[in-house]
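In case you want the letters, here they are:
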Amino acid sequence: MSSQRDGWPENVGIVAIEVYFPAQYVDQKELETFDGASTGKYTIGLGQEKMGFCSDNEDVNSLCLTVVQRLMERNGVSYSDIGRLEVGTETILDKSKSVKTVLMQLFESCGNTNIEGIDTTNACYGGTSALFNAVNWIESSYWDGRKALVVAGDIAVYASGNARCTGGAGAIAMLIGDDAPLVFERGCRATHMQHVYDFYKPNMDSEYPVVDGKLSIQCYLHALDKCYDIISHKLESAEIKTGSSLLDCADAFVFHSPFCKLVQKSVARIMFNDFLQDPHPEQRQIFTGLDAFREFKLEDTYFNKQVETAFMTASRTEFIKKTEPSLLLAKQIGNMYTPSVYGGLVSFLISRPVEDLADCRIILFSYGSGLASSMYSLRVTKDFSPQSDLHKLVNNLSDVKMRLDRRKKVAPEIFDNLMKLRETTHHKAPYKPESSIAHLFPGTYYLFDVDDKHRRKYKRKPLTEPVDVADQLSQNLHLGSS
Ligand code: ACO
């Protein structure tokens, strides 16, 4: 265990980050046809390409086990170096026992049990709350010099119908410490919380939420407006925002992504806020032709098509430059719920050479229905040398695109059957998952058994795959062996 450091820690932030997503997906074009939706609704209308999903042998515990083990192995971190472990999730398997306690199995061999933190739940926001708790711990008098580990994991599934295509699944793990390559800018954090029933999960027997889709979009945009207002003042106090534009303050804007089109609309929304705040919009070329919207009120325009279209057109270049690169995982996997915004961060980090990341400011917006939302700022360090922590952080994400490409495409009929299987076996005990582990990535944890007392057991698929006999035979034939 590290000893208590002298003085207060500097540059607290993300030291390492890892993502796990299922090794199978359904194609959104094929899903449109299967669901009888009009061609282009999911792909163009919502901006989605593929949707990751889990069979009955993966649950939130297994997703979190997998991502934590990956993070520790790939970054060469010892389990004895962790002093806090926080989990954000809305995938509730047990009303009492936390996912955090399940993850404690990973710490058994090193004997480290002195680890604060448990689970945090509020829709897609739990991961952000967990992250803030970890940062606050490191900046507090209770910090003993060790690292914190933050995990966000969820299986996002909807009942069949118009929301199902906005599902997804995955987990993110982040190592938090001082002298980090991605630094939380002190004081630059804004929060808006409110009571609303836009999306919630009152049925304990089902994985599915009750969702008012339109209301959830309105709430998301309203929360964005509120956070815009608060963060603008905070950035002004920190002398980061010197003019009237928030869009000009950062090199990247990363959002919670329920579906990619909403993120594009969010960039337009920030520009609309910038426009309304600007005392002299006529002096800025980007606002040319928008004078007619000067008297519009934010609260009257959540679904105003004229405003939406005008500002989406005006903000297109900014969107392409500052936000589109963060949508890779959201497009390819769908809404992972709590990990979604951090999947956006990973996507941004792997979108450009490390030297182009150095010194960037990234503004993130996290939203969880119900509702809880925050906007905050991360600053990337300047040092991108091959020995730098930034280089290491980015380098350890180098396999993400390859893993996306290696996933198996599953026909919508099979996806639909697997959703029915999850429905009928959810919380069943005793239970042995039916699905094969063949498609899982090497190193993936999977649910192996649920006993008659609902106790869950997990196994890990070996990191190295045994050579497939059929493959070997065909290779031998190709090589001319007998
Ligand atoms: N080609 C191109 N675009 C199309 C087509 C087509 N053939 N058909 C429809 N569209 C467009 C629509 O015009 C619409 O775009 P617009 O909103 O920019 O006008 C878009 O596709 C979606 O169509 P809708 O008819 O609005 O979709 P519907 O109401 O059936 O469902 C919704 C969309 C509400 C997002 C639903 O999937 C849902 O409830 N999802 C879960 C809730 C959610 O994700 N909320 C977001 C925040 S909360 C959270 O993170 C969980």
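Before any of the text, the structure's been laid out above.
As the structure is a prediction and not an experimental result, all values here were calculated from the model. (Residues numbered from 1 in each chain as written. Predicted model: local features only at pLDDT ≥ 70, side-chain atom pairs only at ≥ 80, totals over all residues. Heavy atoms only, no water.)

**Quick look at the sheet that holds strand β2 (residues 24-27)**
In plain terms, the rule: Between any two strands, pairing holds if DSSP finds at least two bridges. A run of DSSP states H or I qualifies as a helix once it reaches four residues; a run of E qualifies as a strand once it reaches two. Both are numbered from the N-terminal end. Contacts were defined at the residue level, with two residues in contact if any of their heavy atoms lie within 4.5 Å. Lines fitted to C-alpha atoms define the axes here, with helix axes fitted over just the stretch in contact, and angles between the N-to-C directions of these axes take values from 0 to 180 degrees.
As summarised here, the arrangement of the 3 strands in space is β3-β2-β14, forming an open sheet in which the pairing is mixed. Only two strands of the sheet have a single neighbouring strand rather than two, namely β3 (50-52) and β14 (408-409). Here β2 pairs with β14 via 2 bridges, running parallel. Across the sheet, Tyr 25 pairs through a bridge with Lys 409, a residue of β14. Those strands touched by helix α1 (residues 28-35) are β2, β3 and β14, and its axis lies near 60 degrees from that of β2.

**So, the site of the ligand**
The following threshold applies: Any residue with a heavy atom lying within 4 Å of a molecule or strand is counted as near it. In protein, a polar contact means a hydrogen-donor-capable atom and an acceptor-capable atom, both N or O and within 3.5 Å, with residues adjacent in sequence counting only if both atoms are side-chain atoms; elsewhere, any N or O pair within 3.5 Å suffices. Each residue gets one of three labels, nonpolar for Ala, Val, Leu, Ile, Met, Phe, Trp, Tyr, Cys and Pro, charged for Asp, Glu, Lys and Arg, and polar for the others, Gly among them.
Near the ligand lie 24 residues; those nearest to it are Thr 39, Lys 41, Ser 216, Lys 265 and Lys 305. Measuring from an oxygen atom of the ligand, one finds a side-chain N or O atom of Lys 265 at 2.7 Å. Mapped onto the shell around the ligand, the elements with two or more residues apiece are α2 (41-45), α6 (213-237) and α8 (305-314). Within the shell around the ligand, the residues separate by chemical class into 8 nonpolar, 11 polar and 5 charged.

**Digging into the pattern of salt bridges**
So the rule is basically this: Here, a salt bridge means any Lys or Arg side-chain nitrogen found within 4 Å of an Asp or Glu carboxyl oxygen. Whether a residue is buried, partly exposed or exposed follows from its accessible area with a 1.4 Å probe, protein chains only, as a fraction of its type maximum: under 20%, in between, or over 50%, in that order.
Within the structure shown, the criterion is met by 29 salt bridges. For Arg 70, the salt bridge identified is with Glu 18, shortest N-O distance 3.3 Å. One end of the pair, Arg 70, is in helix α3 (residues 60-75); the other, Glu 18, is in strand β1 (residues 13-20), with 52 residues separating them in the sequence. Here Arg 70 matches Glu 18 in class, with each residue buried. Note that Arg 74 is salt-bridged to Glu 18, the shortest N-O span being 3.4 Å. Here Arg 74, found in helix α3, pairs with Glu 18, found in strand β1; they are 56 residues apart in sequence, far enough to count as distant.

**Description of the packing of helix α7 (residues 260-277) against α8**
Inclusion rule: Our angle categories are set so that under 35 degrees counts as roughly parallel, over 145 as roughly antiparallel, 65 to 115 as roughly perpendicular, and the remainder as oblique.
Contact geometry of α7 with α8 gives a least axis separation of 8 Å together with a crossing angle of 90 degrees. By the angle between their directions, the pair α7 and α8 is classed as roughly perpendicular. Residue-level inspection shows Lys 261, Gln 264, Lys 265, Ala 268, Met 271, Phe 272 and Phe 275 of α7 in contact with α8, the latter providing Lys 305, Val 307, Glu 308, Phe 311, Met 312 and Ala 314. Classifying every residue of the contact of α7 with α8 gives 8 nonpolar, 1 polar and 4 charged.

**Some words on the layout of surface pockets**
Rolling a probe over the atoms, with the probe sized like a water molecule, indicates the empty space that remains. Formally: Detection works on a 1 Å grid of protein atoms alone, calling trapped sets that fit a 1.4 Å probe cavities and calling open sets with protein on both sides within 12 Å along at least five of seven lines pockets, with lining residues defined by an atom within 4 Å of a point. Grid points are joined across faces, edges and corners, and a volume is the space filled by probe spheres set on the points.
Taken as a whole, the largest pocket holds about 740 Å³ of empty space. What lines the largest pocket is a set of 31 residues, and nearest its centre among them are Leu 46, Gly 213, Ser 216, Ile 217 and Phe 259. Within the residue set of the lining of the largest pocket, elements represented by two or more residues are α2, α6, α7 and α8. Counting residues per element, the lining of the largest pocket draws most heavily on α6, which supplies 6 residues. Class assignment of the residues belonging to the lining of the largest pocket gives a composition of 17 nonpolar, 8 polar and 6 charged.

**Overview of the side chain of Asn 273**
Looking at where Asn 273 falls in the secondary structure, it is placed in helix α7. When neighbours within four sequence positions are excluded, Asn 273 is seen to be in contact with Asp 225, Tyr 228 and Leu 298.

**Comments concerning a nonpolar patch on the surface**
Put simply, the rule reads: Patch members must show over 30% relative accessible area and no salt bridge, and they are joined within 9 Å when carrying like charges or within 5 Å when they are nonpolar side chains of Val, Leu, Ile, Met, Phe, Trp or Tyr. A 1.4 Å probe and the Shrake-Rupley method give the accessible areas. Residues count as covered only by the protein chains that appear here.
A cluster of nonpolar side chains, contributed by Tyr 197, Tyr 200 and Val 210, occupies part of the molecular surface with about 280 Å² of accessible area. Tracing the chain through its elements places Tyr 197 in the loop between β8 (182-193) and β9 (199-200).

**Describing the packing of aromatic side chains**
Rule in force here: Side-chain rings of Phe, Tyr and Trp, where Trp is taken by its six-membered ring, are said to pair if the distance between their centres is within 6.5 Å; with planes under 30 degrees apart they count as stacked, over 60 as edge-to-face, and otherwise as tilted. In this analysis the charged atom, NZ for Lys or CZ for Arg, is taken to sit over a ring once it is within 6 Å of the ring centre and within 35 degrees of the ring normal.
Taken as a whole and assessed by the stated rule, the structure comprises 17 aromatic pairs. For the pair Tyr 79 and Phe 107, a centre-to-centre distance of 4.8 Å together with 75 degrees between the ring planes defines the contact as edge-to-face. With Tyr 79 in the loop between α3 and β4 (82-88) and Phe 107 in the loop between α4 (99-103) and β5 (119-120), the pair connects residues that are 28 residues apart, well separated along the chain. Judged by centre distance (4.7 Å) and plane angle (55 degrees), the rings of Tyr 197 and Tyr 200 are tilted. The exposure class assigned to Tyr 197 is exposed, which follows from its relative accessible area of 52%. What links up through ring pairs into an aromatic cluster is the set Phe 272, Phe 275, Phe 287, Phe 293, Phe 296 and Phe 311. Against the face of Phe 448 rests Lys 432, its NZ or CZ located 4.1 Å from the ring centre.

**Regarding the nonpolar core**
Stated formally: Each nonpolar core is a collection of buried residues, namely Ala, Val, Leu, Ile, Met, Phe, Trp, Tyr and Cys, held together in the definition by side-chain atoms within 4.5 Å.
If you look at the biggest cluster of nonpolar residues, it comprises 148 residues, and the most contacted ones within it are Ile 14, Ile 17, Leu 103, Ile 176, Leu 246, Phe 311 and Leu 345. The element contributing the most residues to this core is α6, with 10 residues. For Ile 17, the contacting residues outside a window of four places in its chain are Leu 71, Ile 172, Ala 173, Met 174, Tyr 342, Leu 345, Val 346, Leu 349, Leu 393 and Leu 397. Counting residues in each nonpolar core, the second largest holds 7 residues, with Ala 123, Ala 156, Ala 163 and Tyr 337 among its members.

**Section: the sheet that holds β5**
If you trace the 9 strands from one edge of the open sheet to the other, you get β5-β4-β6-β7-β1-β8-β13-β12-β11, paired in mixed fashion. Unpaired on one side and paired on the other, β5 and β11 (252-255) mark the two borders of the sheet. Sheet topology places β1 next to strand β7 (residues 168-177); 7 bridges connect them, and they run antiparallel. The residue of β7 that forms the bridge with Ile 14 is Ile 176. Helix-sheet contacts for helix α5 (residues 126-138) involve β4, β5, β6 (147-156), β7, β8, β12 (361-368) and β13 (372-380), and the interaxial angle to β4 is about 160 degrees.

**Focus on a negative patch on the surface**
How we decide: Charge counting follows a simple rule: Lys and Arg are positive, Asp and Glu are negative, and His as well as the terminal groups are ignored. Taken as the charge location is NZ of Lys, CZ of Arg, CG of Asp or CD of Glu.
Taken together, Glu 10, Asp 179, Asp 383 and Asp 389 make up a surface patch of like negative charges. Here Asp 179 is to be found in the loop between β7 and β8.

**Describing unusual backbone geometry**
Omega for the peptide link from Gly 370 to Leu 371 comes to 5 degrees, which places this bond in the cis form. Residue position: Leu 371 is located in the loop between β12 and β13. Between Ala 429 and Pro 430 the backbone carries a cis peptide bond, its omega angle lying at 0 degrees. With a phi angle near 50 degrees, Asp 179 is a residue other than glycine that sits in the positive phi range.

So yeah, pure geometry; function would need other evidence.
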